[in-house]
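Here are the chains, one letter per residue:
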Amino acid sequence: MSKKIAILQSNYIPWKGYFDLIATVDEFIIYDDMQYTRRDWRNRNQIKTPQGVQWLTVPVKVKGKYNQTIRETEIEASNWQMSHLKTIIQNYRKAPYFDEVAAIIEPLYKDVEHVFLSKMNRQFIEAICNYLNIETKITSSWDYHLVDGKTERLADLCRQAGGAEYISGPAAKDYVQADIFENMNIKLTWFDYSGYKEYPQLWGEFAHGVSVLDLLFNCGKQAKNHMKYIGL
């Protein structure tokens, strides 16, 4: 069976589509050797509240660090962990699977003092994958040798990982050079995030783009019924 690879930057408590992408491949490479970008998904995500969608943002050290990678990005020491947990509890404690899912994420807020953004993101991602029974191998880009060139680097990471197919998010169509994959005999496939079904959600109008925690609190292990590739 041909090995499928996806390569993506880490996000903070990502949305459901992120986990569907992980579930559809054999190896998921966290690409945190990329430059950290401000006001992006690396250090923040959204949850539902009675007042509408709300951002949860992890404070990071960026002053004067214009070229730092995601891997190098440090978290600002503050009370943000308990603040995020308190906000999550306030808005989801009435959800059907709150206790079950809170048991997984609470220790990551209460018992771990996070220093680096990338390491923290990976801990949350792995805990959620474990809950969803996603058995995909998760590695880091620094486990491999990195060559120059945007597309060249992605294709070469696939080659080093033994991949025969690269599954890419659709946003990369703007820059990925398909011929580089073709020349290395690696199939390039674009992941489709469209067509998600709605699920029972608290607080008014349905929102697809919120953190996967929203789906887990509301649907528990049945979350896979509202995703595309988990449990197939």
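Scoring rules and cut-offs
- Residues numbered from 1 in each chain as written.
- Predicted model: local features only at pLDDT ≥ 70, side-chain atom pairs only at ≥ 80, totals over all residues.
- Heavy atoms only, no water.
- Helix = DSSP H or I, 4+ residues; strand = E, 2+ residues; numbered from the N terminus.
- Rg over C-alpha atoms; globule rule 2.2 N^0.38 Å.
- Buried < 20%, exposed > 50% of the residue type's maximum accessible area, 1.4 Å probe, protein only.
- Contact = heavy atoms within 4.5 Å.
- Areas by Shrake-Rupley, 256 points an atom, 1.4 Å probe, with all protein chains shown as cover.
- Patch = residues over 30% accessible without salt bridge, like charges linked within 9 Å, V, L, I, M, F, W, Y side chains within 5 Å.
- Salt bridge = Lys/Arg side-chain N within 4 Å of Asp/Glu carboxyl O.
- Lys, Arg positive; Asp, Glu negative; His and termini not counted.
- Charge placed at Lys NZ, Arg CZ, Asp CG, Glu CD.
- Core = buried A, V, L, I, M, F, W, Y, C linked by side-chain atoms within 4.5 Å.
- Phe/Tyr/Trp six-rings, centres within 6.5 Å; stacked < 30°, edge-to-face > 60°.
- Lys NZ or Arg CZ within 6 Å of the ring centre and 35° of its normal.

**Comments concerning the overall build of the chain**
- Along the chain, the regular secondary structure elements total seven helices and seven strands.
- Seen in sequence order, the chain has helices and strands lined up from the N terminus as β-α-β-β-β-α-α-α-β-α-β-α-β-α.
- Against the 2.2 N^0.38 benchmark of 17 Å for 232 residues, the chain shows a C-alpha radius of gyration of 18 Å, consistent with a compact globule.
- Burial analysis of the chain (232 residues in total) assigns 51% to the buried set.
- Within the chain, residue pairs in contact and separated by at least 24 positions form 67% of the contacts whose partners lie at least 6 positions apart.
- Approximately 11500 Å² of the chain is accessible, and the part contributed by carbon and sulfur atoms is 47%.

**Some thoughts on a negative patch on the surface**
- Taken together, the side chains of Asp 148, Glu 152, Asp 179 and Glu 182 define an acidic patch exposed on the protein surface.
- Within the secondary structure layout, Glu 182 lies in helix α6 (residues 178–183).
- Residue classification places Glu 182 among the exposed residues on the basis of a relative accessible area of 59%.

**A word on the nonpolar core**
- Counting residues in each nonpolar core, the largest one holds 55 residues, and the members touching the most others are Tyr 12, Phe 19, Phe 28, Tyr 109, Leu 132 and Phe 217.
- Those elements giving two or more residues to this core turn out to be α1 (16–24), β2 (27–30), α2 (80–92), α3 (98–110), α4 (117–131) and α7 (212–219).
- Per element, the largest residue contribution to this core is eight residues, and it comes from α4.
- Discounting residues that sit within four places of it in the chain, Phe 19 has contacts with Pro 14, Ile 125, Ile 128, Cys 129, Leu 132, Ile 134, Val 212, Met 227 and Ile 230.
- In this structure, Leu 154, Ala 155, Ala 172 and Val 176 belong to the second largest nonpolar core, which totals 17 residues.

**Concerning the side chain of Asp 156**
- Topologically, Asp 156 is positioned in helix α5 (residues 150–160).
- Assessed through its relative accessible area of 10%, Asp 156 is described here as buried.

**Thoughts on the packing of aromatic side chains**
- As enumerated under the stated definition, the model contains 15 aromatic pairs in all.
- Ring centres 5.7 Å apart and planes at 75° place the aromatic pair Trp 15 and Tyr 196 in the edge-to-face group. Placement of Trp 15 in the loop between β1 (4–8) and α1 and of Tyr 196 in the loop between β7 (187–190) and α7 is noted, with a sequence separation of 181 residues between them.
- Joined through ring pairs, the aromatic side chains of Trp 15, Phe 191, Tyr 193, Tyr 196 and Tyr 229 make up one cluster.
- Lying across the ring of Trp 55, Arg 44 places its NZ or CZ 3.8 Å from the centre.
- The positively charged end of Lys 228 is found above the aromatic ring belonging to Tyr 196, 5.2 Å away from the centroid.

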